[in-house]
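Tertiary structure, described
Chain residues, written in single-letter form:
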Amino acid sequence: MSYFAAAVVRDESGWTAAEVNLRGAVDVDGVADRLRDVDPGADLSLLFVEAEDEYLVILRLDAGEDLRVFGSDSAYAEETQLGALLVGDLKASVPGLDEIEEPRAATGDPESEQPAADPEADPVGDADLLADLGVSGTKLIALCGHEGMLPADVTTEACTVLGCADEVEELREV
């Protein structure tokens, strides 16, 4: 299974991005170590892992500590070794998912009749891991579940809000 793993880290000078190789990682803590290695002194480190145009996993470290993880669909853990490594330990689905009203498409069109949430998807982990940066858990779930949105599109949308979209796009062009 192919994947793209982009780390974006923020320190006092702003955002920087680097591609991260996850081959050989044996557990999510090992992946977190690779994220820390991108910039050990970073205030905030995020890793966006996009797999097979189907799944997105986001990892977050604040000052190199307190790992938080969100996965767009628990099925990723069942389908691949990397998925099991990243989201396999996330036992519970996203808390409060049932309470989220059907979010609308991310197009900004309030008249859109198509709900954005994919009823087949089972997001897991901490959907609010980007909330303090401007991407609420509800918005993140809506982006992940919106029909036609690829993981790369979700990453781009989130990174646009965060202010690091250009850095991630440069990695894609390499």
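What comes next is a walk through the structure. (Residues numbered from 1 in each chain as written. Predicted model: local features only at pLDDT ≥ 70, side-chain atom pairs only at ≥ 80, totals over all residues. Heavy atoms only, no water.)

Moving on, we come to the overall build of the chain. Helix and strand counts for the chain come out as six helices and six strands. Reading the chain from its N end, one meets helices and strands in the order β-β-α-β-β-β-α-α-β-α-α-α. The buried share among the 174 residues of the chain stands at 45%. Long-range pairs, those at least 24 residues apart, make up 58% of the contacts in the chain with a sequence separation of at least 6. Surface accessibility of the chain: about 8900 Å² in total, with carbon and sulfur atoms responsible for 44%. (Helix = DSSP H or I, 4+ residues; strand = E, 2+ residues; numbered from the N terminus. Buried < 20%, exposed > 50% of the residue type's maximum accessible area, 1.4 Å probe, protein only. Contact = heavy atoms within 4.5 Å. Areas by Shrake-Rupley, 256 points an atom, 1.4 Å probe, with all protein chains shown as cover.)

Looking at the element boundaries, glycine 88 is found in the loop between helix H3 (81-87) and strand S6 (124-125). Sequence separation between glycine 88 and alanine 75 is 13 residues, and the spatial gap between their C-alpha atoms is 9.3 Å. In contact with glycine 88, other than residues within four places in its own chain, are Ala77 and Gly83.

The next point concerns a negative patch on the surface. Residues Glu52, Asp53, Glu54, Glu78, Glu79, Asp153 and Glu157 make up a contiguous surface patch of negative charge. The set of elements that each furnish at least two residues to the negative patch consists of helix H2 (75-79) and helix H5 (151-162). When you line up the elements, glutamate 157 lands in helix H5. (Patch = residues over 30% accessible without salt bridge, like charges linked within 9 Å, V, L, I, M, F, W, Y side chains within 5 Å. Salt bridge = Lys/Arg side-chain N within 4 Å of Asp/Glu carboxyl O. Lys, Arg positive; Asp, Glu negative; His and termini not counted. Charge placed at Lys NZ, Arg CZ, Asp CG, Glu CD.)

Counting residues in hydrophobic clusters, the biggest one holds 27 residues, and the most contacted among them are Leu46, Phe48, Ile58, Phe70, Leu130 and Leu140. Broken down by secondary-structure element, the contributors of at least two residues to this core are strand S1 (3-11), strand S3 (44-51), strand S4 (55-62), helix H4 (137-145), H5 and helix H6 (165-173). If we skip the residues at most four places from it in the chain, leucine 46 touches Ala6, Ala7, Val8, Trp15, Leu35, Leu59, Arg60, Leu130, Leu133 and Leu162. Counting 24 residues, the second largest nonpolar core, distinct from the first, contains Leu35, Leu47, Ala51 and Leu82. (Core = buried A, V, L, I, M, F, W, Y, C linked by side-chain atoms within 4.5 Å.)

Sheet architecture is open: six strands sit in the order S2-S1-S3-S4-S5-S6, paired in antiparallel fashion. Each having just a single partner strand, strand S2 (14-19) and S6 make up the two edges of the open sheet. For S4 and strand S5 (residues 65-71), the ladder comprises five bridges, and the chain directions are antiparallel. Residue leucine 59 lies in a different strand from S5, and its bridge partner there is valine 69. Where H5 meets the sheet, its contacts fall on S2, S3 and S4, and the angle it forms with S3 comes to roughly 160°. (Pairing = 2+ DSSP bridges. Axes fitted to C-alpha atoms, helices over the stretch in contact; angles between N-to-C directions.)

The loop that links S4 with its antiparallel partner S5 comprises two residues; one of these, alanine 63, has a positive phi angle of about 50°. Judged from the two bridges that link them, S5 and S6 form a sheet pairing that is antiparallel. Looking at the pairing, phenylalanine 70 lines up with glycine 125 of S6.

Counted residue by residue, S4 has seven buried out of eight residues, so it is predominantly covered. Here S3 runs beside S4; their pairing, made up of eight bridges, is antiparallel. Each residue of the ladder has a partner; that of serine 45, found in S4, is leucine 61. Turn length for the S3-S4 hairpin, with the two strands adjacent in sequence and antiparallel, is three residues, and the turn residue glutamate 52 shows positive phi of about 50°.

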